[in-house]
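What follows is the residue order along each chain.
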Amino acid sequence: MRQGDENALAQLYDRYSPLVYSVALRVLGDTGAAEDLLQEVFMQLWRNPGLFDSSRGSLGSWLAVISRNRAIDMLRKRRPETDVSDVIVAVERDLAGEADRNRIMERVRGLLGGMPSNQRAALEMAYFEGLSHSEISAKTGEPLGTIKTRIRTGLLALRKAFET
Amino acid sequence: MSGHEQFADDLALHALGVLSGDERLALEKHLQECASCRRELESLRGDMALMAMSTMGPRPPARSRQRLLDAAKREPRHVEAKATRPWWLPLSWLATGALALILIYVSLQNAGLRRQVADMQRDAAGQQLELQHAREIVATLTASDAMRVTLVAAKTPPQPQGKAIYVRDRSSLIFLASNMPAIPAEKIYELWLIPITGAPIPAGLFKPDAHGSATVINPPLPANVEAKAFAITVEPEAGSTTPTMPIVMVGAGE
């Protein structure tokens, strides 16, 4: 990819496009918009492969995070606030193999399904809708502090489940 | 993260990009100074990547792949030579490719190094702030024009008082005295660290000022001695290596 090799771009696309597309579709709820985002993310990487610093995490995790963030920006009709090269994702999992991804997907779904419903709702509203704690609090009538803590402990519960 | 709990929940919101206003400004300011919170932010983004995995299932339509490759073709990243094709051209491509790889490698290394330098600069800025804060504390404690006030129960005549603050791991001792009786010119007060076992250890000499105040900051002390108590004696002006009785003031750890 860094040599400008279109085959490398195709390989990266084959490996990671389902992840980028799935998260975009879940946030945007529109196949056309999700396709546009997919194109944008991979073209960005094609034009400037140096955006991703391999010494600071895995490409799959980085793509997942910047795709989600970009999808939220599109959903909320705002300009990207963060330079993607500043987004550092500290995780070793590379999410490259399909079997690994399926295993992780099943486990994360199981964990989300096992969370108390109000915690899962707060986490999903922040993650998939980009709602702030104030907006979630206004929607659910629950205190701000409670919402904040639910979001953080929800994310930490995922991390803990994958720590060995 | 210990000691940073007030930012813990906000860090998660910031990772998700939903923190705004004063809370965001305060957190961003803290992040500039705190490497441990920056690491936690990066870990929270790792957790976000896991969340993304829960959506896996739908696959993009086949046309998306071709659309991307067509767009990439329209934006080639290397301009190919079109003129003559001398026999050595493939070799030059190889050399160019190798050079490009080296340049990319160096630029990636550079990007990593730049990040490390930026991290170190932020850490250094944080430490500079802490150092400045510590200097201000010491300057206040030791200022000759500082007003030193000891509060006691009303209608009680002022009593001599000494306050020793000792951190064993750092062999660091700060001692503040007030209302100390004046002492003859050829004498001096000596502070002693009384260890759990063994002989008292000299912990600094002092003469009170006109108001009876005195300070001892970080006298030379042996490493890692557990203190049972601190005591003060009156000694010849050059000080002593063993205390001369009587002990005029003493206090054990709280």
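Asker: Before we go on, may I ask you to explain the interface of chain A and chain B in this structure?
Answerer: Interfaces are often sized by the accessible area lost when the parts come together. Facing the 58 residues of chain A at the interface are 49 residues of chain B. When residues of the side of chain A that touches chain B are traced back to their parent elements, those giving at least two are helix 1 (6-28), helix 2 (31-47), helix 3 (59-75), helix 4 (98-114), helix 5 (117-129) and helix 7 (144-162) of chain A. With 12 residues, helix 1 of chain A is the largest single contributor of residues to the side of chain A that touches chain B. Per-class residue counts for the side of chain A that touches chain B are 32 nonpolar, 13 polar and 13 charged.

Asker: I tried to follow the confidence of the model for chain B on my own but got confused; where do I start?
Answerer: Note: predicted coordinates in regions of low pLDDT should not be interpreted at a detailed level. Residue and element names in this part refer to chain B. Averaged over chain B, the pLDDT score is 82; the fraction of residues at 70 or greater is 85%. In the model, residues 78-84 has pLDDT below 50 throughout and makes one contact with residues more than four positions away in sequence or in other chains. Prediction confidence for the complex, expressed as pTM and ipTM, is 0.57 and 0.89 respectively.

Asker: Explain the sheet that holds strand 4 (residues 201-206) of chain B here, please?
Answerer: For sheets, the rule is that strands pair by backbone hydrogen bonds, running either parallel or antiparallel. Residue and element names in this part refer to chain B. Overall, antiparallel pairing links the four strands, which are arranged 4-3-6-7 in an open sheet. Bordering the open sheet on either side are strand 4 and strand 7 (247-252), each of which pairs with just one other strand. Each strand of the sheet is rotated relative to its neighbour by a mean of 20 degrees, with strand direction disregarded. Here nine bridges tie strand 3 (residues 187-195) to strand 6 (residues 227-236), and the two strands are oriented antiparallel to one another. Bridge pairing in strand 6 links Lys 187 to Pro 236.

Asker: Even after reading the chapter, I still don't get the environment of A:Lys148, so can you show me in this structure?
Answerer: One can find A:Lys148 in helix 7. The spatial distance from the C-alpha of A:Lys148 to the C-alpha of A:Ile136 is 9.5 Å, given a sequence separation of 12 residues. Those residues within four positions of A:Lys148 in sequence are excluded, and the remaining contacts are A:His133, B:Asp9 and B:Leu13.

Asker: Could you clarify how one ought to interpret the sheet that holds strand 2 (residues 172-178) of chain B in this entry?
Answerer: All names here are of chain B. Taken in spatial order, the three strands line up as 1-2-5 in an open sheet, and their pairing is antiparallel. Looking along the sheet, the strands with just one partner apiece sit at the ends: strand 1 (161-167) and strand 5 (214-217). The mean angle between the axes of side-by-side strands here comes to 5 degrees, regardless of whether they run parallel or antiparallel. Relative to strand 5, strand 2 runs antiparallel, the two being bridged by four bridges. Within strand 5, the residue paired with Leu 176 across the bridge is Thr 215.

Asker: How should the nonpolar core be read in this particular structure?
Answerer: Within soluble globular proteins, side chains that are nonpolar generally end up buried alongside one another. Counting residues in each nonpolar core, the largest one holds 66 residues, and the members touching the most others are A:Val20, A:Ala24 and A:Ala126. Looking at this core element by element, the count peaks at 12 residues for helix 1 of chain A. For A:Val20, the residues in contact, after removing those within four places along its chain, are A:Leu38, A:Val41, A:Leu63 and A:Ser67. If you look at the next biggest cluster of nonpolar residues, it comprises 17 residues, including B:Phe175, B:Trp192, B:Leu193 and B:Ile232.

Asker: Would you explain the packing of helix 1 of chain A against helix 3 of chain A in this entry?
Answerer: Each pair of packed helices can be described by the angle between their axes along with the distance between the axes. Residues and elements named next belong to chain A. Close contact between helix 1 and helix 3 brings their axes to 9 Å; oriented N to C, the two are set at 25 degrees. By the angle class used here, helix 1 and helix 3 are roughly parallel. At the point where helix 1 passes helix 3, the crossing takes the right-handed sense. Taking contact as the criterion, the partners of Tyr 16, Leu 19, Val 20, Val 23, Ala 24, Val 27 and Leu 28 in helix 1 are, on helix 3, Gly 60, Leu 63, Ala 64, Ser 67, Arg 68, Ala 71, Ile 72, Met 74 and Leu 75.

Asker: Explain unusual backbone geometry here, please?
Answerer: Negative phi characterises most residues that are not glycine, and trans characterises most peptide bonds. All names here are of chain B. Following Met 245, the chain continues to Pro 246 via a peptide bond in cis, the omega torsion being 5 degrees. Within the fold, Pro 246 resides in the loop between strand 6 and strand 7. One non-glycine residue with positive phi stands out, namely Asn 218, at about 45 degrees. Structurally, the position occupied by Asn 218 is in the loop between strand 5 and strand 6.

About the cut-offs
Residues numbered from 1 in each chain as written. Chains lettered and ligands numbered in written order. Predicted model: local features only at pLDDT ≥ 70, side-chain atom pairs only at ≥ 80, totals over all residues. Contact = placed C-beta atoms within 7 Å. Helix = DSSP H or I, 4+ residues; strand = E, 2+ residues; numbered from the N terminus. Nonpolar A, V, L, I, M, F, W, Y, C, P; charged D, E, K, R; others polar. pLDDT = per-residue confidence, 0-100. Pairing = 2+ DSSP bridges. Axes fitted to C-alpha atoms, helices over the stretch in contact; angles between N-to-C directions. Core = buried A, V, L, I, M, F, W, Y, C linked by C-beta atoms within 7 Å. Buried ≥ 20, exposed ≤ 12 C-beta atoms within 10 Å, placed from the backbone. Parallel < 35°, antiparallel > 145°, perpendicular 65-115°, else oblique. Left-handed = near helix turned anticlockwise from the far one by under 90°.

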